[in-house]
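These are the residues of each chain, in order.
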Amino acid sequence: MALTLPFAEATSVGSPALNIAIFAAFVIITLTIVIRVSSGKKTAEQYYTASGAFSGRQNGIAIAGDYLSAASFLGIAGAIALTGYDGFLYSIGFLVAWLVALLLVAELMRNTGRFTMADVLSYRLRQRPVRIATAISVLTVSFFYLLAQMAGAGGLVSLLLGVTGEAAQNAVIALVGIIMIAYVLIGGMKGTTWVQIIKAVLLIAGTAVITVWVLGQYGFSFSALFQDAANNSPAGEKLFEPGLKYGVNTTTKIDFISLSMALVLGTAGLPHVLQRFYTVPTSKQARKSVEWAIWLIGGFYLLTLVVGYGAAALVGPEAINAAPGKANSAAPLLAYELGGSVMLGVISGIAFATILAVVAGLTITSSATFAHDLYKEVFKRGETTQDQEVRVARIAAIVIGAVAIAGGIFAKNQNIAFLVALAFAIAASANLPTILYSLFWKGFNTRGALFSIYGGLISSLVLIIFSPVVSGKPPLVEGGPSPSMITNTAIDFHWFPLDNPGLVSIPLAFFLGWLGSVTSKEHNARKYAEMEVRSLTGHGVASAVEH
Amino acid sequence: MSNEARTQQEDAYLELQSTSEFQALRKKFRGFVFPMTAFFLAWYFLYVLLSIFAPDFMGQRVGGDDSTITVGLLFGLGQFVTTFAITFIYARWANRELDPLADALGARLDGMKEH
C-alpha cells in the first residue's frame, strides 16, 4: 500500500467544484437553521448565552464542536502521520485538560457568573479594575486563537479548493469572516451553538467513517496498520517511540514540557470555552456538558490516532510533505486516497465547517466581553439598556470579524500551531490562576487579581516576542524547531530559548496572584460568603441576581 | 431589590456559610476534587516526563521485538482510560453525594429570607 498519488496530482487533488458545492451546502443549511431558531430581537441574555436554554448534552456536543478546531482535526492527524508517537503525545494534553474544567471550574463558574468570565472574577473584588483587566486578557487570548483559525482557513484553501493565487486566498479568508459574522449577528449564542452542534456531529461522524475504512483495509488489525505506517515512513520503527519531534535536543524537550503545561492548564482558561457553561441552566447541566465533551473529545482523539497512522501508511509522508499545507493536508489526502473526490469533498466541507464554527464561538465571546464588561460595566457604569448593550455587542462582532479577516490575511503564512499554543499559554497564565484563586482562596483580592492577570499576560507576551518563534533564528536544522515569524535570520534578537512561555509565565502568574493578595488588606467577607455559598449550592442561579 | 433587602440577603449567605452543614459540604467537595486533580496532573506529567527523558523505556516493545505496541503507547492510552474513569466516577459521586446536600442548603437559604 504505497502512495499512489504522483506529486503533480497531489498539489490539486479532487474536484474543487465539488468541494465548493459541499461547503456551500453546509453554509446554506446551517444559515437556514440559524435563521429559523433565532428570529427577532434579542435580550442581552439571549444574545450572549441563549438564556441558558440548552441541555447538558446539547452543550457538551457544542463544546466539542467549539474545541475541536482545525488545528486538532488537521494538525494532530498530520502530526501523528509525520512524527507518530510525538503527535499522539501532543493530543493527550488537549484531552486531560478537560479534567481541570470538570473538577474545578465548570460548575462553580456556572453558579457564580451570568454573561462573561469577568462576572466571576470581579464577583467579590473591585468591579472596574478587574473587569478591565479581564476584558483585556479575554480579548488578547481570543484574538490569537481567532488569528490561528483564520490563518488556517487561508492555508486550507490552496489544498482543498485548488485556489493558489494570493488574491483568491485572501478572498476566501474574507468570505469565511463574512459568513461567520452573519451567523453571530443573526443567531447570537443560540444560532452559534447550533452551528457548533451540527459541525461536531459531522466532524466526528466523518472521522469515524475514515477510521473504520482505514482499519477495514488492514482487516481491523492495528498491528498491521502500524507496521505498514512504519514501513512507509523514513523514520521506520522510530514512529512508535518518543522523540521524533520533541526529542531533538534538551531545548525541544523542555519546550515540550512548557507546551504541555500550557495545554493542560490553558483549556479551562479559554474564554470561549467558559462562555459555553452559561448556555445551560444549572451546575448539574454544566457538569453533564463537560462529561459529554470529554467522551466526545477523547473518542475523537482516539480516532485521529488511526487517521494519522492511516495517512502515514496509505498516503505516505513524502506525499504529505509535498502537498500545500504539509502536515495539515494528511487527513484530506487520506480521504482522497480512500474515497476519491467525493470523500475529499466531504472532509473539505467539514474542515471549513470546523473553522466557521470555532470563529463564530470566539467572536460571540469577544463581543460579549466588549459590550458587557467594557461598554456596560466600565464606560456606562451599569447604566444602559438591554437594547443598547446588544447593539454594541453586534457592532463589536462586526469589528472583531473585520479585524479577524485582516489578521487572517496578514497571518496566513504564519505557523498556526504556534498561534494556538500562544493562546493556550496566555489563557493558562493570565486567566486560570485568577479563576482558581477567586473560586477557592478566601484571601484573594483585587491587587492579587490585577498582579496575576497583568503579570501573566505581559510575561507571556514578552517571552513570546523574545523567543525563537518570533525572532529570526539561525538557519533551521532538519527536524529542529518551528519556523520563526521573522524569516530574515539576520534579525535575531531572541534571548528566551523556548517556543512556549508557559513554563515560566504560568508559575509566575500564580506567584504574583499570591503576592498581590498578601500585600493588600482588602477583604469583603460578605461578598466572599455570597460567592462561596452560591458557587457550591447553586443558589440564585435560576432567579439570576441583578448586578 | 432595595439596599436593605440586599444586605439581608448577604447576611443570610454569611449565616449559612458559618453553619457546620455548609462547612461539611465544602470539605466534602474539596476533599474529592483536590486529591483527584493532584492525581491526574501527577499522572499526566509523569507520562510527559517519561516520554521526554526516558524514550528508551517508553519505546520498549510489549510482547516481543516484532510488536508495534510500545510501553509509551500503553501509557498514552492509559491517559485516556484514567480521564474517562475520573469523569465517570466524579459525575456519579457528585450526582449522588454532592447534589442532595447542595440542594438542601440552597432550599434552606430560600427559607431564611424572602426575596
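Reading the values: rules and limits
Residue indices follow the written sequence of each chain, beginning from 1 at its first position. By the order in which they are written, chains take letters starting at A while ligands take numbers starting at 1. Selection of residues for local features in this predicted model requires a pLDDT of at least 70, selection of side-chain atom pairs for listing and counting requires 80 or more, and totals for whole chains, interfaces and linings are taken over all residues. Where helices and strands are cited, they refer to DSSP runs of H or I of at least four residues and of E of at least two residues respectively, numbered from the N terminus. Here the globule rule reads 2.2 Å times residues to the power 0.38, and the radius of gyration is calculated from C-alpha atoms. Residue burial is a threshold on neighbouring C-beta atoms within 10 Å of the residue's own C-beta, all placed from the backbone, with 20 or more meaning buried, 12 or fewer meaning exposed, and counts in between meaning partly exposed. Contact definition: two residues whose C-beta atoms, as placed from backbone geometry, lie within 7 Å. Buried Ala, Val, Leu, Ile, Met, Phe, Trp, Tyr and Cys residues whose C-beta atoms connect them within 7 Å together make up a nonpolar core. Put simply, Ala, Val, Leu, Ile, Met, Phe, Trp, Tyr, Cys and Pro go in the nonpolar bin, Asp, Glu, Lys and Arg in the charged bin, and everything else, Gly too, in the polar bin. To estimate how far a helix should reach, multiply one less than its number of residues by 1.5 Å. The directions considered for the arc are those from the helix axis to the C-beta atoms. Fitted lines through C-alpha atoms give the axes, limited to the stretch in contact for helices. The angle between two N-to-C directions lies from 0 to 180 degrees. The labels follow the angle: roughly parallel below 35 degrees, roughly antiparallel above 145, roughly perpendicular from 65 to 115, and oblique for the rest. Per-residue confidence from the predictor is given as pLDDT, running between 0 and 100. In this scheme the crossing of two helices becomes right-handed for a clockwise turn of the near helix relative to the far one and left-handed for an anticlockwise turn of less than a right angle. Two axes enter the definition of the bend at a residue: one is fitted to the seven residues ending there, the other to the seven starting there, and the bend is the angle between them.

Participant: Quick question: what am I supposed to make of the overall build of chain A here?
Facilitator: What chain A contains, in helices and strands, is 20 helices and zero strands. Taking 2.2 N^0.38 as the reference for a compact globule, 547 residues should give roughly 24 Å; the C-alpha atoms of chain A span a radius of gyration of 23 Å, in line with that estimate. Structurally, chain A occupies a C-alpha span of about 70 × 55 × 45 Å along its principal axes. Here chain A holds 547 residues, and the buried ones make up 66% of them. Contacts in chain A between residues far apart in sequence, at least 24 positions, make up 81% of those at least 6 positions apart.

Participant: Before we go on, may I ask you to explain the overall build of chain B in this structure?
Facilitator: Within chain B, the regular secondary structure consists of four helices and zero strands. Along chain B, helices and strands appear, N-terminal first, in the series α-α-α-α. The C-alpha radius of gyration of chain B comes to 23 Å, more than 25% above the 13 Å expected for a compact globule of 115 residues. Summarising its shape, the C-alpha atoms of chain B cover approximately 75 × 25 × 25 Å along the three principal directions. Put simply, chain B has 115 residues, and 29% of those count as buried. Across chain B, every contact between residues at least 6 apart in sequence was considered, and the portion connecting residues at least 24 apart equals 58%.

Participant: Quick question: what am I supposed to make of the nonpolar core here?
Facilitator: Looking at soluble globular proteins, one finds that nonpolar side chains tend to be buried together. Core analysis: the largest hydrophobic core is formed by 231 residues, its most contacted members being I297, A311, L356 and A423 of chain A. In this structure A311 of chain A touches A77, A81, I320, A330, A331, L333 and L334 of chain A, once residues within four positions along its chain are discounted.

Participant: Quick question: what am I supposed to make of the interface of chain B and chain A here?
Facilitator: Where interface size is quoted, it is often the accessible area lost as the parts come together. Across the contact, 41 residues belong to chain B and 42 residues belong to chain A. Looking at the side of chain B that touches chain A, the elements with two or more residues in it are helix 1 (3-17), helix 2 (20-53), helix 3 (55-58) and helix 4 (71-112) of chain B. At 17 residues, the largest contribution of residues to the side of chain B that touches chain A is made by helix 4 of chain B. Class assignment of the residues belonging to the side of chain B that touches chain A gives a composition of 26 nonpolar, twelve polar and three charged.

Participant: Help me understand helix 2 (residues 16-37) of chain A, please; the structure alone is not making it clear to me.
Facilitator: What sets the pattern is the α-helix's 3.6 residues per turn: residues three or four places apart point alike. Residue and element names in this part refer to chain A. The end-to-end C-alpha distance of helix 2 is 32 Å, a good match for the 32 Å that 22 residues give at a rise of 1.5 Å each. Every buried residue of helix 2 is accounted for by N19, I22, F23, F26, V27, T30 and V34. What you see down the axis of helix 2 is that its buried residues fit within an arc of 135°, all on one side. In helix 2, those exposed residues whose orientation departs by more than 90 degrees from the buried face are A17, A24, A25, I28, I29, T32 and R36.

Participant: For this particular structure, what's the right way to read the packing of helix 11 (residues 250-266) of chain A against helix 19 (residues 502-518) of chain A?
Facilitator: Packed helix pairs are characterised by how far apart their axes lie and by the angle those axes make with each other. All names here are of chain A. Orientation of helix 11 relative to helix 19, taken along the N-to-C sense of each, is 45°, at an axis distance of 8 Å. On the basis of their axis angle, the class for helix 11 and helix 19 is oblique. Of the residues in helix 19, those touching helix 11 at I254, I257, S258, L259, M261, A262 and L265 are G502, L503 and I506. Of the residues that constitute the contact of helix 11 with helix 19, the class distribution is eight nonpolar, two polar and no charged.

Participant: Explanation requested: the confidence of the model for chain B in the structure shown.
Facilitator: All names here are of chain B. With 90% of its residues at a pLDDT of 70 or more, chain B shows a mean pLDDT of 89. Here helix 1 stands out as the element of chain B with the lowest mean pLDDT, 77, in contrast to helix 2, whose mean of 95 is the highest. Of the two predicted TM-score estimates for the complex, the pTM is 0.91 and the ipTM is 0.92.

Participant: What am I meant to see in the packing of helix 9 (residues 166-217) of chain A against helix 13 (residues 283-314) of chain A here?
Facilitator: Residue and element names in this part refer to chain A. Remark: helix 9 packs on helix 13, axes separated minimally by 9 Å, with the N-to-C direction vectors making an angle of 45°. The angle between the axes of helix 9 and helix 13 places the two elements in the oblique class. Between helix 9 and helix 13 the crossing geometry is left-handed. Within the contact between the two elements, helix 9 uses A200, I204, T207, A208, I210, T211, V214 and L215 and helix 13 uses L296, F300, L303, T304, V306, V307, G310 and L314. Tallied by class, the residues present in the contact of helix 9 with helix 13 amount to twelve nonpolar, four polar and no charged.

Participant: Any chance you could explain helix 6 (residues 85-112) of chain A here in plain terms?
Facilitator: Residue and element names in this part refer to chain A. Taking 1.5 Å per residue, 28 residues should reach 40 Å; helix 6 reaches 41 Å between its end C-alpha atoms and fits that length. Helix geometry: helix 6 is bent most strongly at V105, by close to 50°. Buried residues dominate helix 6, accounting for 28 of its 28 residues.

Participant: I would appreciate a short explanation of the environment of P242 of chain A in the present structure.
Facilitator: Inspection of the secondary structure assignment puts P242 of chain A in the loop between helix 10 (222-232) and helix 11. You can call P242 of chain A buried: it has 32 C-beta atoms within 10 Å. Distance from P242 of chain A to G87 of chain A, taken between C-alpha atoms, is 9.4 Å for residues 155 residues apart in sequence. Apart from the residues lying within four places of it in its own chain, the contact partners of P242 of chain A are Y85, D86, L89 and G247 of chain A together with S51, I52, P55, M58, G59 and G72 of chain B.

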